[in-house]
Every structure is written in structure tokens, then in C-alpha cells.
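Understanding the architecture of this molecule
Listed below, chain by chain, are the residues.
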Amino acid sequence: SSAQGLLSHIDTIPKGPTWHCMKIDTTGYVMKDPVYVFWHDTLEVTWEIFGNLVFTWHMEYDPYQVYEGTEHEYGEWMSGDEAH
């Protein structure tokens with residue numbers, strides 16, 4: 001069936017970084033529902049991005065400046081003043 005085919009296709013997609021969940025303690029506050037925080041491990045995400053060949057030619061490690069005549073052009077973050 002098409003649903004089974006879709007589920008099989010989804011199972012072939014790389015999983016990526018693991019999601020984590022933590023219930024926030026709200027001692028002293030009455031809450032209608034519990035509060036949860038969901039997050040990824042930053043190091044795991046970094047490894048995933050730097051290890052993904054899709055991003056190989058799109059990574060910038062060195063700041064640069066682009067000028068059109070005497071006017072500074074700003075595009076990506078690495079071309080801005082804060083990157084220097």
C-alpha cells in the first residue's frame with residue numbers, strides 16, 4: 001500500500017541527532033500542564049553538520065570582506081564586521 005511504502009521510505013532517512021526531553025520543576029507555581037524542554041546535544045549536532053557531505057562546499061571558516069568600489073557589501077555572517 002502507499003502508506004506502507006511511505007513508512008518504509010521514512011525508515012531509510014538518516015536519523016540525525018537524538019532528541020532529549022526534560023520536565024521542568026515548577027515547585028511553588030501551579031501549572032495546568034507540566035512544562036517540558038526538548039533539545040539536541042550541541043556537540044552531536046555539530047558533528048552531524050560537519051560530517052554531512054551536503055554541507056562540504058558551503059562551510060566558511062575564514063572571515064572576508066567584499067567591496068563594490070569603496071562600499072562594503074554584507075551578505076553572509078562571515079563577510080560582516082563582527083566576524084573579524
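Before reading further, recall that the structure is shown in the block above.
Below is a summary of the structure that appears in this document. Residue numbers run consecutively from 1 along every chain, following the written order of its sequence. Local features in this predicted model are restricted to residues of pLDDT 70 or higher, and side-chain atom pairs are both shown and tallied only at a pLDDT of 80 or more, whereas totals for entire chains, interfaces and linings draw on every residue. Side-chain descriptors were evaluated using all non-hydrogen atoms of the structure, hydrogens and water having been removed beforehand.

Some remarks on the overall build of the protein
What counts, and what does not: A helix here means a DSSP run of H or I that spans at least four residues, while a strand means a run of E at least two residues long, and both kinds are numbered starting from the N terminus. We take the radius of gyration over the C-alpha atoms and set the globule estimate at 2.2 Å times the residue count to the 0.38 power. A 1.4 Å probe rolled over the protein chains alone gives each residue an accessible area, and that area as a share of the maximum for its type sets the label: buried under 20%, exposed over 50%, partly exposed in between. By the convention used here, residues are in contact when the closest approach between their heavy atoms is within 4.5 Å.
Of regular secondary structure, the protein possesses two helices and four strands. Computed over C-alpha atoms, the radius of gyration of the protein comes to 22 Å, more than 25% over the 12 Å expected from 2.2 N^0.38 for 84 residues, which places it beyond the range of a compact globule. The principal-axis extent of the C-alpha atoms belonging to the protein is close to 60 × 50 × 25 Å. Taken across its 84 residues, the protein has 7% of its residues classed as buried. Sequence-distant contacts in the protein: of pairs separated by 6 or more residues, those separated by 24 or more amount to 11%.

Overview of the environment of H72
Selection rule: Polar contacts here mean pairs of N or O atoms no more than 3.5 Å apart (in protein, one a potential hydrogen donor and the other a potential acceptor; neighbouring residues in sequence count only if both atoms are side-chain atoms).
Relative to the helices and strands, H72 resides in strand 4 (residues 71–73). Excluding residues that lie within four positions of it along the chain, H72 makes contacts with Q65, V66, Y67, S79 and D81. Only 3.1 Å separates the side chain of H72 from the side chain of Y74, close enough to count as a polar contact. Here S79 takes part through its backbone oxygen, which lies 3.1 Å from a polar atom of the side chain of H72.

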